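In case you want the letters, here they are:
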Amino acid sequence: MPVVRSANPIRAKSLIRNNLEKSSVLKIQSRMPNIKVFSGTSHPDLAQRIVDRLGIDLGKVVTKKFSNLETCVEIGESVRGEDVYIVQSGSGEINDNLMELLIMINACKIASASRVTAVIPCFPYARQDKKDKVSTSRAPISAKLVANMLSVAGADHIITMDLHASQIQGFFDIPVDNLYAEPAVLKWIKENIPEWRNSIIVSPDAGGAKRVTSIADRLNVEFALIHKERKKANEVASMVLVGDVKDRTAILVDDMADTCGTTCHAAEKLMEAGATKVYAILTHGIFSGPAISRINNACFEAVVVTNTIPQDGHMRDCPKIQCIDVSMMFAEAVRRTHNGESVSYLFSNVPY
């Protein structure tokens, strides 16, 4: 920095401050060079929030369908030598959106992008991660197939959130960063549930026990779980509550809710067992079929979801649904990945 000599000390301080401000702006700009973020059609609002947080513009891309419904993608700017991030969630028309993501990855890869990262807030086909003993031995492991497709298309890295089964990370031969909604959930609980110290965290099935114990430990409260037996997918045969919820606020925590049969069933069970209030906190609010009418008729104080899937329509149809914005977590993951920094900070903290 040049030495500032001035007879007027106030003017000298002003010049020094201006020089410092200019240098800090240059540092911020130089910290994010050679990066391009593109959005698919599944969740443009989340992609816009991510780039706003990063202080850059969304890349130009045009997606359209031919008359026979084939997907066509045109990347509208050079990506040669760039670090490319493509934001596309597994929601809505899942098959079309997945195909669009694969084509966008391949388009960037063959246009000489140095690295292509798929940012998939809600991973598609994540529930088909194993051959279930209830199913036949001929059941597919579709999550593995999706992993293969992403790798073959040219993805170098995957960023996702709250995978339905963490072993899906092992289906890939490329790095996978599985972010957690837990820090944002803890923040919401402390800010929005006044009686959270007298609450109990409940898992609606045995598979989510690890998730609820982690949250309960960090809040220093007890946890319970509901053992359920399914007749078939999306249909529960019986439920048994393990734990004491009497005269407490029950907080149901799960990674996703589709038709909400299990979640609403669990809420009824908790009220029957003496819970004073029931909240549901879900990372991925899919809400298909009769889900919205079920929530409207259920005894929830609030059903809280993140915006890994677009929620504006659901919130209009159901006043009980509230949304936690997780765009800052994805933006920070993109920034840290681009700069070669660790993302493990995000596993237990919400970036401000």
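Further up the page is the structure itself.
Throughout this description, residue numbers start from 1 for each chain and increase along the sequence as written. Owing to the predicted nature of the model, reporting of local features is limited to residues with pLDDT of at least 70; listing and counting of side-chain atom pairs is limited to 80 or more, with chain, interface and lining totals taken over all residues. The side-chain values count all of the structure's non-hydrogen atoms but skip hydrogen atoms and water molecules.

Q: Could you give me a rundown of the overall build of the protein, with the residues and numbers involved?
A: Of the regular secondary structure elements, the protein holds 10 helices and 14 strands. Per-residue burial over the protein gives 49% buried out of 352 residues. Taking contacts inside the protein between residues at least 6 apart in sequence as the whole, the part at least 24 apart equals 61%. Note on conventions: DSSP H or I runs of at least 4 residues are helices, E runs of at least 2 residues are strands, and numbering of each starts at the N terminus. Categorising residues by exposure relies on relative accessible area from a 1.4 Å probe, with only protein chains included: less than 20% of the type maximum marks a residue as buried, more than 50% marks it as exposed, and the intermediate range marks it as partly exposed. Residue contacts are counted whenever heavy atoms from the two residues lie within 4.5 Å of one another.

Q: I'd like to hear about the packing of aromatic side chains, residue by residue, with values.
A: Stacked, tilted and edge-to-face pairs are distinguished by plane angle, under 30 degrees for stacked and over 60 for edge-to-face with tilted covering the rest, among Phe, Tyr and Trp rings (Trp via its six-membered ring) whose centres lie within 6.5 Å. Within the structure shown, the criterion is met by three aromatic pairs. With centroids separated by 6.0 Å and ring planes inclined at 80 degrees, the aromatic side chains of Phe-123 and Phe-172 adopt a geometry described as edge-to-face. Residue Phe-123 is found in the loop between β5 (115-120) and α4 (142-153), and its partner Phe-172 is found in the loop between β6 (157-161) and β7 (176-179); the two are separated by 49 residues along the sequence. Looking at Phe-172, the relative accessible area reads 7%, which means it is buried. Between the aromatic rings of Trp-188 and Tyr-279, the centroid separation amounts to 6.3 Å while the plane-to-plane angle is 70 degrees, which identifies the pairing as edge-to-face. Placement of the pair is Trp-188 in helix α5 (residues 182-192) and Tyr-279 in strand β12 (residues 277-285), with a sequence separation of 91 residues.

Q: Just give me the short version of helix α10 (residues 327-338), but keep the residues and values in it.
A: Multiplying one less than the number of residues by 1.5 Å gives the expected span of a helix. Its 12 residues place the ends of α10 16 Å apart at the C-alpha level, agreeing with the 16 Å of an ideal helix rising 1.5 Å per residue. Of all 12 residues in α10, 11 are buried, a share of seventy percent or more. Those residues of α10 that fall on the buried side of the exposure criterion are Ser-327, Met-328, Met-329, Phe-330, Ala-331, Glu-332, Ala-333, Val-334, Arg-336, Thr-337 and His-338. Downstream of α10 by one or two residues, Gly-340 has phi in the positive range, about 70 degrees.

Q: Run through the pattern of salt bridges, naming residues and quoting values.
A: Whenever a carboxyl oxygen of Asp or Glu lies within 4 Å of a side-chain nitrogen of Lys or Arg, that contact is scored as a salt bridge. Tallied over the full model, the rule gives 18 salt bridges. The salt bridge partner of Lys-36 is Glu-77, with a shortest N-O separation of 3.3 Å. You can see Lys-36 sitting in strand β1 (residues 35-39) and its partner Glu-77 sitting in the loop between β3 (71-75) and β4 (83-87), a full 41 residues away along the chain. Here Glu-182 makes a salt bridge to Arg-218, at a shortest N to O gap of 3.1 Å. With Glu-182 in helix α5 and Arg-218 in helix α6 (residues 209-219), the pair connects residues that are 36 residues apart, well separated along the chain. With a relative accessible area of 40%, Arg-218 lands in the partly exposed category. One salt-bridge network, held together by shared partners, links Glu-332, Arg-335, Arg-336 and Glu-341.

Q: Any chance you could break down the sheet that holds β1 for me, citing the residues and the numbers?
A: Strand order across the open sheet formed by five strands is β1-β4-β5-β6-β7, with parallel pairing between neighbours. Both outer strands of the open sheet, β1 and β7, are each paired with one neighbouring strand and no more. In this sheet, adjacent strand axes meet at a mean angle of 15 degrees when their direction is disregarded. Between any two strands, at least two bridges found by DSSP are needed for them to pair. Where β6 lies against β7, four bridges are found, and the strand directions are parallel. Looking at the pairing, Thr-160 lines up with Asn-178 of β7. Fitted lines through C-alpha atoms serve as axes, helices being fitted only where they are in contact, and the angles separating the N-to-C directions of these axes extend from 0 to 180 degrees. Contacts from helix α2 (residues 44-54) reach β1 and β4 within the one sheet, and its direction differs from that of β1 by about 160 degrees. Contacts between α10 and the sheet are confined to β1, β4, β5, β6 and β7, with β6 contributing the most and set at about 155 degrees to the helix.

Q: Explain unusual backbone geometry to me, using residue names and the numbers behind them.
A: Even without being a glycine, Ser-112 presents a positive backbone phi close to 75 degrees. Note on placement: Ser-112 falls in the loop between α3 (94-110) and β5. Owing to a relative accessible area of 32%, Ser-112 belongs among the partly exposed residues under this scheme. With a phi angle near 60 degrees, Asp-247 is a residue other than glycine that sits in the positive phi range. By the secondary structure assignment, Asp-247 is in the loop between β10 (235-242) and β11 (249-257).

Q: So what about the packing of α5 against α6? Which residues, and what values?
A: For the pair α5 and α6, the least separation of the axes is 11 Å and the interaxial angle reads 50 degrees. Here α5 lies oblique to α6, going by the angle between them. In this structure, α5 crosses over α6, and the sense of that crossing is right-handed. Of the residues in α6, those in contact with Glu-182, Val-185, Leu-186, Ile-189 and Lys-190 of α5 are Arg-211, Ser-214, Ile-215, Arg-218 and Leu-219. A class-by-class count of the residues in the contact of α5 with α6 yields five nonpolar, one polar and four charged. Put simply, angles under 35 degrees are roughly parallel, angles over 145 are roughly antiparallel, angles from 65 to 115 are roughly perpendicular, and the rest are oblique. In this scheme the handedness of a crossing depends on how the near helix is turned from the far one: anticlockwise by less than a right angle means left-handed, clockwise means right-handed. We call Asp, Glu, Lys and Arg charged. Ala, Val, Leu, Ile, Met, Phe, Trp, Tyr, Cys and Pro are nonpolar, and the rest, Gly among them, are polar.

Q: So what about the side chain of Asn-178? Which residues, and what values?
A: Inspection of the secondary structure puts Asn-178 in strand β7. Assessed through its relative accessible area of 5%, Asn-178 is described here as buried. Polar contact is defined as a pair of N or O atoms within 3.5 Å, subject to the rule that within protein one atom must be able to donate a hydrogen and the other to accept it, and that residues adjacent in sequence are counted only when both atoms are side-chain atoms. A polar contact is formed between the side chain of Asn-178 and the backbone nitrogen of Asp-162, at a distance of 3.1 Å. Among the polar contacts listed, one links the side chain of Asn-178 to the backbone nitrogen of Leu-163, at a separation of 3.2 Å. With near-sequence residues (within four places) excluded, Asn-178 lies in contact with Thr-160, Met-161, Asp-162, Leu-163, Gln-169 and Phe-347.

Q: Explain the nonpolar core to me, using residue names and the numbers behind them.
A: Here, nonpolar core refers to any group of buried Ala, Val, Leu, Ile, Met, Phe, Trp, Tyr and Cys residues whose side-chain atoms link them within 4.5 Å. Ile-189 and Ile-201 are the most contacted members of the largest nonpolar core, which totals 46 residues. Looking at this core, the element that brings in the most residues is α10, giving six residues. Apart from residues lying up to four places away in sequence, Ile-189 is in contact with Trp-196, Ile-215, Leu-219, Ile-251 and Ile-281. In this structure, Val-79, Ala-126, Ile-158 and Phe-171 belong to the second largest nonpolar core, which totals 31 residues.

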